[in-house]
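This is what each chain is made of:
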Amino acid sequence: MSMLEPTVTVDVIRGQDALRMLWQRDVDVEDVELAFQALSHHLDGADSPVHVVIDLQNCVRFPLLATIECAVRGPAAHPQMGKWVVVGSSQLARVFARTLINVTRPTSVRFLSETGVLAERLDDLFGQLQGEASQAQAATK
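The model shown is predicted, which means the values in this text are computed figures rather than measured ones.

Analysis parameters
Residues numbered from 1 in each chain as written. Predicted model: local features only at pLDDT ≥ 70, side-chain atom pairs only at ≥ 80, totals over all residues. Heavy atoms only, no water. Buried < 20%, exposed > 50% of the residue type's maximum accessible area, 1.4 Å probe, protein only. Helix = DSSP H or I, 4+ residues; strand = E, 2+ residues; numbered from the N terminus. Pairing = 2+ DSSP bridges. Right-handed = clockwise from strand over helix to strand, strands pointing away. Axes fitted to C-alpha atoms, helices over the stretch in contact; angles between N-to-C directions. Parallel < 35°, antiparallel > 145°, perpendicular 65-115°, else oblique. Left-handed = near helix turned anticlockwise from the far one by under 90°. Contact = heavy atoms within 4.5 Å. Expected span 1.5 Å × (residues − 1). Core = buried A, V, L, I, M, F, W, Y, C linked by side-chain atoms within 4.5 Å. Arc of directions from axis to C-beta.

S.K.: Give a detailed account of the pairing of strand β2 (residues 18-23), specifying residues and quantitative values.
M.R.: Most of β2 sits inside the fold, with 5 of its 6 residues counted as buried. Two strands pair when backbone bridges link them, and strand β1 (residues 8-13) and β2 are joined in this way by 6 bridges, in the antiparallel orientation. Following the sheet pairing, Ile13 is matched in β2 by Ala18. Taking the residues between adjacent antiparallel strands as the criterion, β1 and β2 are bridged by 4 residues, where Gly15 takes a positive phi near 80°. Alignment of β2 against strand β3 (residues 50-55), held across 5 bridges, turns out to be parallel. Its bridge partner lying in β3, Leu19 is registered against Val52. Handedness of the crossover is the feature at issue here: the chain leaves β2, passes through helix α1 (residues 29-44), returns alongside β3, and the resulting connection is right-handed.

Pasting the structure below:
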């Protein structure tokens, strides 16, 4: 963990049942572990599914295997885990998104992002995710 600031932070996205994991340029494995623990803790207190945006737009290097292990061991199996949204255009972001698709129960959504596009697209995306959740809930009744 960086002495000054964590290299991965978890914040609530206002107005949405969602969290944003913001990854800095270079990420420490300890910060990955702490961030996924914070995510799991937030899910423990949630009354409904929570979507998670993994924002890798600025990240050029992170511990891929440790990140996958933390995701699978923690929030991926949580009953309040919503959808994963992986944002980033690097090869590492693509590999991470594909791995999430293959090893977790929620469908991962990944799109390439340009500066300023993320906020605009999230409202649309969360609308789609809520619609999918409502349809799935109706199908189980």
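Still more to cover.
S.K.: Please set out the packing of α1 against helix α2 (residues 64-73) residue by residue, giving values where relevant.
M.R.: The N-to-C vectors of α1 and α2 enclose an angle of 15°; their axes lie 10 Å apart at closest approach. With respect to α2, the element α1 is oriented roughly parallel. The element α1 and its partner α2 pack so that their crossing is right-handed. Counted together, Val29, Val32, Glu33 and Phe36 of α1 and Ala66, Thr67, Cys70 and Ala71 of α2 form the full contact between these two elements.

S.K.: Give me the lowdown on the environment of Leu39, citing residues and values where you can.
M.R.: Counting through the fold element by element, Leu39 comes out in helix α1. Put simply, Leu39 and Arg20 are 19 residues apart on the chain and 9.4 Å apart in space, counted from C-alpha to C-alpha. Those residues within four positions of Leu39 in sequence are excluded, and the remaining contacts are Leu19, Met21, Val52, Pro75 and Trp84.

S.K.: Go over α1 with me, naming the residues and quoting the values.
M.R.: Given a rise of 1.5 Å per residue, 16 residues ought to cover 22 Å, and the 23 Å separating the end C-alpha atoms of α1 matches this to within 8%. Along α1, the residues classified as buried are Asp31, Val32, Ala35, Phe36, Leu39, Ser40 and Leu43. On the buried face of α1, the contacting elements are β1, β2, β3, α2 and β4 (81-87).

S.K.: How would you summarise the nonpolar core if you had to cite specific residues and measurements?
M.R.: Soluble, globular proteins show a tendency: their nonpolar side chains are buried together. Among the nonpolar cores identified, the biggest contains 29 residues, and Met21, Trp23, Phe36, Ile54, Leu56, Trp84 and Phe96 are the most heavily contacted of them. Of all the secondary structure elements, the ones that give two or more residues to this core are β2, α1, β3, α2, β4 and α3 (91-103). Ranked by the residues each element gives to this core, the list is headed by α1, at 5 residues. When sequence neighbours within four positions are dropped, the list of residues in contact with Phe96 reads Ile54, Leu56, Phe62, Leu64, Thr67, Ile68 and Val86. The next biggest cluster of nonpolar side chains, apart from the first, holds 5 residues, and it includes Ile13, Ala18, Val85 and Val87.

S.K.: Account for the environment of Trp84, naming residues and giving values.
M.R.: Relative to the elements of secondary structure, Trp84 occurs in strand β4. A C-alpha to C-alpha distance of 8.6 Å links Trp84 and Ala97, two positions 13 residues apart in sequence.

S.K.: Can you tell me about α2, naming the residues and giving the values?
M.R.: Within the span of α2, buried status applies to Leu64, Thr67, Ile68, Cys70 and Ala71. When α2 is viewed along its axis, its buried side chains cluster within an angular range of 165° and face the same direction. Relative to its buried face, α2 has exposed residues pointing more than 90 degrees away, namely Leu65 and Arg73. The elements touched by buried residues of α2 are β2, α1, β4 and α3.

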